Amino acid sequence: MPYKFLDHTADVAFEVESETLEGLFVDSAFALKEVACELSNIGSKSETKIINCNEITLELLLVEFLNQLNFLIFFKKWIFTTIQKLSINKADGEINLSCELIGNKIDAEACNFKVEIKAITFHQMKIEKRKGKYSTKVVLDI
Amino acid sequence: MKVRDIELIKISDNLWEIPKFGGMLVPGRIYSSQKMIETTLQNDEAINQVINVACLPGIQKYSLAMPDIHWGYGFPIGGVAATDIDNGVISPGGVGYDINCGVRLAKTNLIYNEVKNKIQKLVENLFKNIPTGVGASGAIKKLSKEELKKILRKGSNWAIENGFGKDEDVLLTEENGCLKDADPSNVSEKAIERGLDQAGTLGSGNHFLEVDIVEEIFDREKASIFGLFKDQIVIQIHTGSRGLGYQICDDYLKTLVSLEKKYAFNLPDKQLACAPIKSVEGQDYLSAMRCAANFAWNNRQIIMHLAKKSFEDTFNISENELGFSLIYDVCHNIAKVEEHEIDGKMKKVCVHRKGATRAFPPKNKFIPEKYKTSGQPVLIPGDMGRYSFVCAGTEKAMQETFGSSCHGAGRLQSRHKAMKEAKGKDLLSELNKQGIVIQAKGFRTIAEEMPQAYKDVSEVVDVMHNAGISTKVAKLKPIGVIKG
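Quick caveat, the model's predicted, so the values are computed rather than measured.

Conventions adopted
Residues numbered from 1 in each chain as written. Chains lettered and ligands numbered in written order. Predicted model: local features only at pLDDT ≥ 70, side-chain atom pairs only at ≥ 80, totals over all residues. Heavy atoms only, no water. Helix = DSSP H or I, 4+ residues; strand = E, 2+ residues; numbered from the N terminus. Buried < 20%, exposed > 50% of the residue type's maximum accessible area, 1.4 Å probe, protein only. Contact = heavy atoms within 4.5 Å. Pairing = 2+ DSSP bridges. Axes fitted to C-alpha atoms, helices over the stretch in contact; angles between N-to-C directions. Core = buried A, V, L, I, M, F, W, Y, C linked by side-chain atoms within 4.5 Å. Salt bridge = Lys/Arg side-chain N within 4 Å of Asp/Glu carboxyl O. Buried area = accessible area lost by both parts, 1.4 Å probe. Polar contact = N/O pair within 3.5 Å; in protein donor to acceptor, adjacent residues only side chain to side chain. Nonpolar A, V, L, I, M, F, W, Y, C, P; charged D, E, K, R; others polar. Left-handed = near helix turned anticlockwise from the far one by under 90°. Lys, Arg positive; Asp, Glu negative; His and termini not counted.

Participant: Explain unusual backbone geometry to me, and be specific about the residues and the numbers.
Facilitator: Residues and elements named next belong to chain A. Although it is not a glycine, Lys77 adopts a positive phi angle of roughly 55°. Mapped onto the elements of the fold, Lys77 is located in the loop between α2 (58-74) and β4 (78-91). Positive phi, normally seen in glycine, also occurs at Asp92, with a value near 50°. Here Asp92 is to be found in the loop between β4 and β5 (94-105). Overall, the relative accessible area of 80% leaves Asp92 in the exposed class.

Participant: Help me get a handle on helix α5 (residues 145-154) of chain B, residues and values and all.
Facilitator: Residues and elements named next belong to chain B. Burial in α5 covers these residues: Glu147, Leu148, Lys149, Ile151 and Leu152. Turning to α5, the residues buried within the fold contact α6 (156-161), α8 (189-195), α10 (242-257) and α11 (280-315). In the stretch just after α5, Gly155 is the one whose phi turns positive, near 60°.

Participant: I'd like a description of the sheet that holds strand β7 (residues 75-84) of chain B, backed by residues and values.
Facilitator: Two strands in a sheet stick together by hydrogen bonds in their backbones, pointing the same way (parallel) or opposite ways (antiparallel). Residues and elements named next belong to chain B. Strand order in the open sheet formed by 7 strands is β3-β4-β5-β6-β7-β15-β14, and the pairing between neighbours is mixed. Because the sheet does not close on itself, it has two edges, and the strands there are β3 (9-12) and β14 (333-342). Averaged over all pairs of adjacent strands, the angle between strand axes in this sheet comes to 40°, irrespective of strand direction. In the sheet, β7 pairs with strand β15 (residues 345-354) via 6 bridges, with the strands oriented antiparallel. Note that in β15 the partner of Val80 across the bridge is Arg353. Across the face of the sheet, helix α2 (residues 46-53) comes into contact with β4 (15-18), β5 (28-31), β6 (63-73) and β7 while running at roughly 115° to β6.

Participant: Got a sec to walk through the nonpolar core? Specific residues and values, please.
Facilitator: Within the largest apolar cluster, 153 residues are counted, with the highest numbers of intra-cluster contacts made by A:Phe25, A:Phe65, A:Leu97, A:Leu140 and B:Phe311. Here the element with the most residues in this core is α11(B); it accounts for 16 residues. Non-local contacts of B:Phe311, meaning those with residues more than four positions away in its chain, are made with B:Thr108, B:Leu110, B:Leu122, B:Val211, B:Ile233, B:Ile235, B:Asn316, B:Leu322 and B:Phe324. Counting residues in hydrophobic clusters, the runner-up holds 45 residues, among them B:Phe208, B:Ala418, B:Ile438 and B:Ala447.

Participant: Give a description of the pattern of salt bridges that names residues and reports values.
Facilitator: Residues and elements named next belong to chain A. Under the counting rule described, the total for this entry stands at 38 salt bridges over all chains. One salt bridge in this structure joins Glu100 and Lys85, with 3.4 Å as the shortest N-O distance. Within this pair, whereas Glu100 is found in strand β5, its partner Lys85 is found in strand β4, the two being separated by 15 residues in sequence. For Lys85, a relative accessible area of 61% puts it in the exposed group. Between Arg130 and Glu128 there is a salt bridge whose closest N-O contact spans 3.3 Å. The exposure class assigned to Arg130 is exposed, which follows from its relative accessible area of 55%.

Participant: Explain the interface of chain B and chain A to me, using residue names and the numbers behind them.
Facilitator: Residue-level contacts link 35 residues of chain B with 31 residues of chain A. For chain B, the biggest contributors to the area lost against chain A are B:Trp71, B:Val134 and B:Lys254; these three give 20% of the whole. Where chain B packs against chain A, one counts 5 salt bridges. Here B:Arg242 makes a salt bridge to A:Glu116, at a shortest N to O gap of 3.5 Å. Scanning the region where chain B abuts chain A turns up 12 residue pairs in polar contact (both at pLDDT 80 or more). Elements with a minimum of two residues in the side of chain B that touches chain A: β6, α8, α10 and α16 (443-448) of chain B. No other element matches α10(B), which puts 7 residues into the side of chain B that touches chain A. Considering only residue class, the side of chain B that touches chain A consists of 8 nonpolar, 11 polar and 16 charged.

Participant: Account for the sheet that holds strand β3 (residues 47-55) of chain A, with residues named and values stated.
Facilitator: Residues and elements named next belong to chain A. Pairing within the open sheet is antiparallel, and its 3 strands lie in the order β3-β5-β4. Two strands in the sheet have a free side with no partner beyond their single neighbour: β3 and β4. Direction aside, neighbouring strands of the sheet carry axes that sit 20° apart on average. Relative to β5, β3 runs antiparallel, the two being bridged by 9 bridges. Among the inter-strand pairings, Lys49 is bridged to a residue of β5, identified as Leu101. The strands touched by helix α1 (residues 21-36) are β4 and β5; relative to β4, the strand with the most contacts, the crossing angle is about 150°. Along the sheet, α2 contacts β3, β4 and β5; its crossing angle with β3, the most-contacted strand, is approximately 150°.

Participant: Could you give an account of the packing of α1(A) against α2(A), naming the residues involved and the relevant values?
Facilitator: Working note: a packed helix pair is described by the angle between its axes plus the distance between those axes. Residue and element names in this part refer to chain A. Packing of α1 against α2 brings their axes to within 10 Å, and their N-to-C directions diverge by 35°. As for how α1 packs across α2, the hand of that crossing is right-handed. Contact residues: α1 offers Leu21, Phe25, Ser28, Ala29, Leu32 and Ala36, while α2 offers Leu58, Leu61, Leu62, Phe65, Leu66, Leu69, Asn70, Ile73 and Phe74.

Participant: How would you explain the side chain of B:Arg194 if you had to name every residue and give the values?
Facilitator: Mapping B:Arg194 onto the fold places it in helix α8. A:Glu116 is the oppositely charged side chain nearest to the buried, salt-bridge-free B:Arg194, at an N-O distance of 5.6 Å. Of note is the side chain of B:Arg194, whose polar atom sits 2.6 Å from the side chain of B:Gln247. If we skip the residues at most four places from it in the chain, B:Arg194 touches A:Phe71, A:Phe75, B:Gly243, B:Leu244, B:Tyr246 and B:Gln247.

Participant: If you had to explain the environment of B:Tyr263 to someone new, which residues and values would you point to?
Facilitator: Residues and elements named next belong to chain B. When you line up the elements, Tyr263 lands in the loop between α10 and β12 (275-276). Residues Tyr263 and Ile225, spaced 38 residues apart in sequence, show a C-alpha to C-alpha distance of 49 Å. Tyr263 has contacts with Pro276, Ser279 and Glu281, leaving out every residue within four places of it along the chain. A distance of 2.8 Å separates a polar atom in the side chain of Tyr263 from a polar atom in the side chain of Glu281.

Set out below in C-alpha cells:
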C-alpha cells in the first residue's frame with residue numbers, strides 16, 4: 001500500500017510515499033477516502049468532476065486538494081473511484097493542481113461512512129523529496 | 001521527572017512546570033497527577049505542543065494544559081493560552097475546527113424509578129427526533145441563507161424566537177448564547193452552504209446526547225443552587241458548530257498560514273498559524289469564529305428542545321410535570337476577549353480554550369445571577385459507560401488558569417486500537433447489562449467510543465478538584481445514549 005496509517009490518540013494520521021509528486025497527491029486522496037468510507041463501487045452510472053486548486057506552497061496545495069475531496073464526500077455525498085490526469089505545475093509564484101475525478105452521488109445511507117473527517121490539518125505536514133521519493137505525513141481532524 | 005527528554009519541575013502534586021527554553025516566551029504548566037503523566041503523556045506529542053504554544057507572540061504567564069491533555073494539532077487538546085490584546089495573536093488552531101464544541105446540561109423533575117421501564121422507548125424517540133451521524137441534517141426545515149445569517153448573528157436567541165425554547169434559556173448559557181460582533185459577511189459561501197440544513201443536528205464521533213441519573217452529590221449547597229438532587233433524571237448534549245464551523249476554521253487557517261512571512265512569525269508548527277489580534281485578518285477570523293460559536297449555541301438549544309419533546313411524548317406528561325429546564329451550557333473550543341489579572345494589573349487578553357471549559361468563580365459579573373454564590377457550573381462529560389461530573393468554578397481558576405478547567409476524559413486509545421479491541425465483543429449487550437441503553441448509527445461508533453478507549457474522567461476531575469480549580473458538585477451516571 002502506498003500509504004501507512006499511524007497510531008494517533010485523538011485523530012487519524014497517515015504517511016504517504018511516492019516516486020512522483022502527482023502520485024503523492026493521488027495516494028493521499030485514496031488514504032483519505034479509506035478513512036472516510038468503505039465504498040468501492042459507485043454503480044454503472046458515473047460522472048466526471050474537474051478539480052482545480054492554486055496555492056503558494058505544496059503543503060497548502062495538498063490541504064486544499066484533500067479538503068475539496070472531503071467536502072465532496074461528506075457534504076455532497078459524491079464519492080470518487082478514479083483520479084486521472086492529475087498535474088501539478090508551477091507558474092508566477094503559484095502552484096496549480098488540476099485533475100479529473102470519476103465518481104457518483106451516492107445515497108447517504110449507502111455511503112458506508114466510517115467517521116466524519118472535520119478537516120485536513122497542517123500538523124506535521126512537510127512534503128519532502130528524499131532518496132528519489134516524495135513523502136509527507138497527513139493528520140486528519142476527526 | 002522527564003517526559004520525552006523534557007524536564008518537568010514539580011510545583012505541587014497536581015501541577016508541573018516546563019521551564020522556558022529555546023523559543024518559548026513563557027514557561028509551560030501542566031495540571032496532572034504523576035500517575036497520569038507517566039501513563040498518558042509519555043507516548044504522545046502533547047507535551048511538545050505545550051512548548052510550541054509557549055512560542056506564540058504575546059502569550060501571557062504560561063502555556064497551560066489541563067489534565068485531559070492529549071495530542072491535538074498545533075495546540076494540544078486541553079490547552080489554554082491567553083495572548084495580549086494589543087501585541088498578541090489569535091490562532092484558529094487554539095480554538096479548533098469544531099468551534100464552540102460544548103456541553104449543555106438540562107434537568108427534569110423525574111426520578112429514576114419513574115423512567116426505568118421506559119428508557120428503551122425514550123432512547124428510540126430521542127434517536128428518531130434528533131438527527132445523528134455523519135452529515136446528519138434535517139432536524140428543522142432547511143433554512144434560507146438569510147435565515148441562517150440571522151442565526152450567526154443571534155445565536156440561541158434565534159431558536160427562542162422560533163419556538164425552540166424559553167427566554168430564560170439564554171440567561172443560562174455562557175455569553176447568553178450569543179457573542180457580539182459576529183458578522184456573517186466574514187463567513188464564506190461554502191461555510192454558509194454547509195450550515196443550511198445542520199441546525200439542530202448532533203453529528204458523529206464523540207458527540208452525544210445522554211440521559212443520566214444524578215448518582216452522587218458531593219456539595220449539597222451548590223447542587224441545590226444548580227437544581228440537582230440524587231436519583232434525578234438529567235440530560236447532557238455534547239456537540240458543536242458542525243460543518244459550518246469546520247469550514248470557517250479551514251478557510252481562515254489557509255489565509256493565516258500564508259501570513260507567516262508578512263508578520264515575520266517563526267512558528268514551530270504551521271497549525272499554529274495566527275494573526276495579530278488587531279490586524280484585519282485577526283479581526284475577520286474573530287468575527288467569523290463568533291458566527292460559528294453562535295451557530296453552535298443555537299444548535300444545542302434546538303437539540304434540547306427536541307429532547308424535551310421526546311420526553312413529553314415518551315412519558316405522556318405535561319411540560320409542568322416534566323419540569324424540563326436548562327442548568328447551563330458551556331463551550332470548550334473558543335477564543336474570547338476577557339480581562340484577567342496579570343502582574344498585579346487587570347489586562348485585556350484573548351483566552352484560547354481548546355478542549356478546556358470556562359470555570360468562573362462566585363461573584364463574577366459574567367456568570368448568571370442564579371450562580372453568583374456557587375460559581376458557574378463546569379460540565380465535564382466522561383465516557384458512555386461510566387460517569388460525568390458537574391463541578392463549579394473557583395477564584396483559584398481565575399488566578400491560575402485564566403478561569404479555565406478541563407473538558408472531558410480525553411482519549412486513551414486511538415480509534416484503530418479501540419476497533420481492534422472491540423472485535424468479537426457484544427458491546428451493546430455489555431453496556432445493557434450495566435443498565436445503559438445505546439442507539440447509534442452503527443457498530444463502528446460504539447466500538448471507537450467504548451469506555452475503555454477513554455481515560456477515567458474521575459482522575460481528570462480529581463486533579464482539578466484537588467488543585468482547587470473546579471470543585472466537584474455531582475456525579476452523573478448514563479442510562480441512555482444516542483450517538484452518530
